[in-house]
Structure formats: C-alpha cells, structure tokens
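Chain residues, written in single-letter form:
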Amino acid sequence: MKIIASVPAKAILFGEHFVVYGKRALATALNLRLSVEVSGRAGEGYHLIVEDIPLFGLDMELTSEYAQPFINYDEAARAIAYIRSAVQYMEREYGIDGGVELRVSSEIPLSAGLGSSAATTVATIAALKRYFGLWNGDLDELRRDAHKIEKAVQGNASPTDTAISTYGGYVLIEGGGVKRLRDLPEIELVTGTICTIPVGAGHESELRLKTRELVERVKTRKEAFSSVFEHIASAADELTGEAVVALRRHDLTRLGSLMNINHGLLDSIGVVPRRLSELVKLAQESGALGAKVTGAGALPDGTGTVIALPAAGHSDELRIAMGLTGAIVRDLRTNAMGLVVEEE
Ligand code: PMV
C-alpha cells in the first residue's frame, strides 16, 4: 500500500505581523504543492527520501549577481526537522511504530514565506495517519496536531500556515481563531522571491532564524513606539476587513490599493529592506493593481517574497519587469485545494 498526501503553499494577503498581536489576517492557498508518500519497507523504523525541493523557486538558469544553487542541502535538512518531529509526535500521541518509507517532493521554495514548513508537517502526519488506519477525516484535529508540531520545532507560530496547508482556499485569522472563507474568488497573483544571502556553510542560520528575528524586531519597535504602533496595527486590521469585502465583490482595483497601503504599514514597522521595496515599487509601476511583501518580510540582504496583483492583460509585462531585478518570478493562483490524501 502507498499513501500520498499533498498540500498547497500559502500566501498571507493581509495582516502579517499584526496577527501576532491579535489583529486579523487573510491568507490563501497557492497552486504550488508539496507531497509526502508513505509506503511499507522491509526493515524497522523510518526511511526518508527528500527529492525536488527547490531552494527559491523553479529551475534557475539565469546567471546573475544573485543567482543561487538550485538545492541547498542544509535547508533540506531543516525540512527534515519537521518530518522527524511529526514522526515522533505520531509515535507518542497515536502509537505508530515505523516500518515505513517516507518520500517528500515539493514545488514550494523553502524559507521564502510561502509555508513550506507547515506544508511538510501537515502532509507528513496526514499520510502517516492514513497509512496506520488512524485517519478519521477530521481536518480540524489534523490542523491542531500540525500546529503543535510547528510550534515545537520553531517556537511561537500563528495558526495561519497550518490552516492553509490543511484546508486550502482562504482563511481569516480573527481573535487568534481560524475561520474558513468559502465565498471568495480565485485570483491571479505574481510572486517574486529575492535572495541575496550567499548559500553555503555558515549562512543557513541566517535563513533559519529569519521569521523569528523579524518578529522580534517588530516587537522592539512596538515597545519603543507603543501608541503609534497601536494605530498602525488597528489600520492593518481594518485593511484586512476591507480586503475581504473587496475580494468578495471581485473589486480588484480596490483590493490592489489596499495591498499598497498594507505594504506601507509593513514598511513602517521595519520589515522591508531595499531590494524588496524596489521590487514592490517596480511591480506597482509595471502593471500591478497592487503589490506588497508577504509573510515575515526580510532582513537587510535577506530572502523574502513579494506578491503582486496584475491588472487584466498585464501579467506578462509584470512578470518580465519583476524578473529583470533577479527575483524568481512565478504566475500563481489563489484559492488552491487543501489537503488531498490518496491511496495507490
Ligand atoms: O514568512 P512566514 O511565512 O514565516 O510568515 C510569518 C508571518 C508572521 O505574521 C510574521 C508570523 C506568524 O506567525 O504569523
């Protein structure tokens, strides 16, 4: 028997960082997938094969100042931390006892703010549950299990990523709870990921600690300017609410403007270094209705991702313009399907 569990990537559309302080955030599933296969093996324990995990995107033929190797084995090792923890959790909580082979393959770039950690965790426990006859179809339980594992590996994490990996579609995080929004339309997004850290020995920790360090920086700024921060956070919360309405009405012009404003707020809390800022400005001036940083942002000279909402008929122009900066650019769609578990 072979079980294959696949899950989508995520993008936070509105409200990142401010969600850490109880404000609303809107996230969606993108049509990039990660899958975990579980099958039997002759020996005991767990044999793991990780294949095809891109570091920051697709095949990269462009040789530029910013070119990176396609695979960073140290980062692949980081993904393994989530798999190992998921296996240990399943042994402890559900009494599974090994004798399986796990094979992971992914289209989701690692450490780029697109949810690869949560995707790895959700797909691993879903496949193991089904293989060991423990799958009861309870997605909420699966999401909670995955969120516990994610928190154990990386420290504090909001429920956003594991919710999107599990449910797909759109989720609104409100008051710390997860609400699935089923009435929002699929839209096109162009993503641009930058990386300027030389990959290799000694630099992995810079990538690894990125989200945690950025969240810390925001906390420092919040403490230094507490009343100003509260206004900014309330404005971000308001933007998320307005974005849900605009998206429901398919008013993309308004949605794009809301993205531009949200980006300004992220800049004001110090998570937008020059290259990400330039990429956003370029997108805004090259056929995007709106553009913003997504996820944690980036440290100066670090890695990060921008999402841009193309105006009708302008995706090609937008993709080309963004690509000229050395960013890895992809044309993606929101509202992608959540967890799918199949048996072969
Ligand atoms: O860059 P990512 O995908 O790790 O997103 C982090 C989003 C934050 O709001 C900054 C933190 C969180 O846990 O929600």
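Residues numbered from 1 in each chain as written. Predicted model: local features only at pLDDT ≥ 70, side-chain atom pairs only at ≥ 80, totals over all residues. Heavy atoms only, no water.

Undergrad: Summarise the side chain of threonine 124; cite the residues concerned and give the values.
TA: In this fold, threonine 124 is placed in helix α2 (residues 116–131). Exposure remark for threonine 124: the relative accessible area of 0% places this residue in the buried category. In this structure, threonine 124 is in contact with Val36, Ile83, Ala86 and Leu102, ignoring residues within four places of it in sequence. (Helix = DSSP H or I, 4+ residues; strand = E, 2+ residues; numbered from the N terminus. Buried < 20%, exposed > 50% of the residue type's maximum accessible area, 1.4 Å probe, protein only. Contact = heavy atoms within 4.5 Å.)

Undergrad: Break down the site of the ligand for me, citing the residues and quoting the values.
TA: For the ligand, the set of nearby residues contains 14 residues, the closest of which are Lys10, His17, Ser158, Thr211 and Ala296. Here an oxygen atom of the ligand and a side-chain polar atom of serine 158 are 2.7 Å apart. Within the backbone of alanine 296, one N or O atom sits 2.8 Å away from an oxygen atom of the ligand. Judged by the proximity of its atoms to the pocket grid, the ligand belongs to the largest pocket. A breakdown of the residues in the shell around the ligand according to their chemical character gives six nonpolar, five polar and three charged. Lining the shell around the ligand are residues from two domains, each supplying at least three of them: domain 1 (2–182 + 336–343) and domain 2 (188–333). (Near = heavy atom within 4 Å. Polar contact = N/O pair within 3.5 Å; in protein donor to acceptor, adjacent residues only side chain to side chain. 1 Å grid on protein atoms, 1.4 Å probe; cavity = no way out; pocket = protein on both sides within 12 Å on 5 of 7 lines; lining within 4 Å. Sits in = over half its atoms within 2 Å of the grid points. Nonpolar A, V, L, I, M, F, W, Y, C, P; charged D, E, K, R; others polar. Domains from an automatic or database assignment.)

Undergrad: Tell me about the sheet that holds strand β8 (residues 288–294), residues and numbers included.
TA: One open sheet holds the four strands; their spatial order is β8-β9-β7-β10, and the pairing between them is antiparallel. In the strand order of this sheet, the two ends are held by β8 and β10 (328–333), each with one partner. With strand direction ignored, the average angle separating the axes of adjacent strands in the sheet is 25°. Pairing between β8 and strand β9 (residues 304–310): six bridges, direction antiparallel. Paired with alanine 288 across the strands is proline 310, a residue of β9. Helix α8 (residues 252–268) rests against β8 and β9 of the sheet, and its axis sits at about 35° to β8. Relative to the sheet, helix α9 (residues 274–284) contacts β7 (188–194), β8 and β9, its axis offset from that of β8 by approximately 165°. (Pairing = 2+ DSSP bridges. Axes fitted to C-alpha atoms, helices over the stretch in contact; angles between N-to-C directions.)

Undergrad: Break down the environment of glutamate 91 for me, citing the residues and quoting the values.
TA: Tracing the backbone through its elements, the reader meets glutamate 91 in helix α1 (residues 73–94). Given the relative accessible area of 34%, glutamate 91 is considered partly exposed. For glutamate 91, the residues in contact, after removing those within four places along its chain, are Tyr46 and Ile96. Here tyrosine 46 takes part through its side chain, which lies 2.9 Å from a polar atom of the side chain of glutamate 91.

Undergrad: Go over unusual backbone geometry, please, and point to the residues and values.
TA: For histidine 17, which is not a glycine, the phi torsion comes out positive at approximately 70°. Tracing the backbone shows histidine 17 in the loop between β1 (2–14) and β2 (25–40). The phi angle at histidine 250 is positive, at roughly 60°, despite the residue not being glycine.

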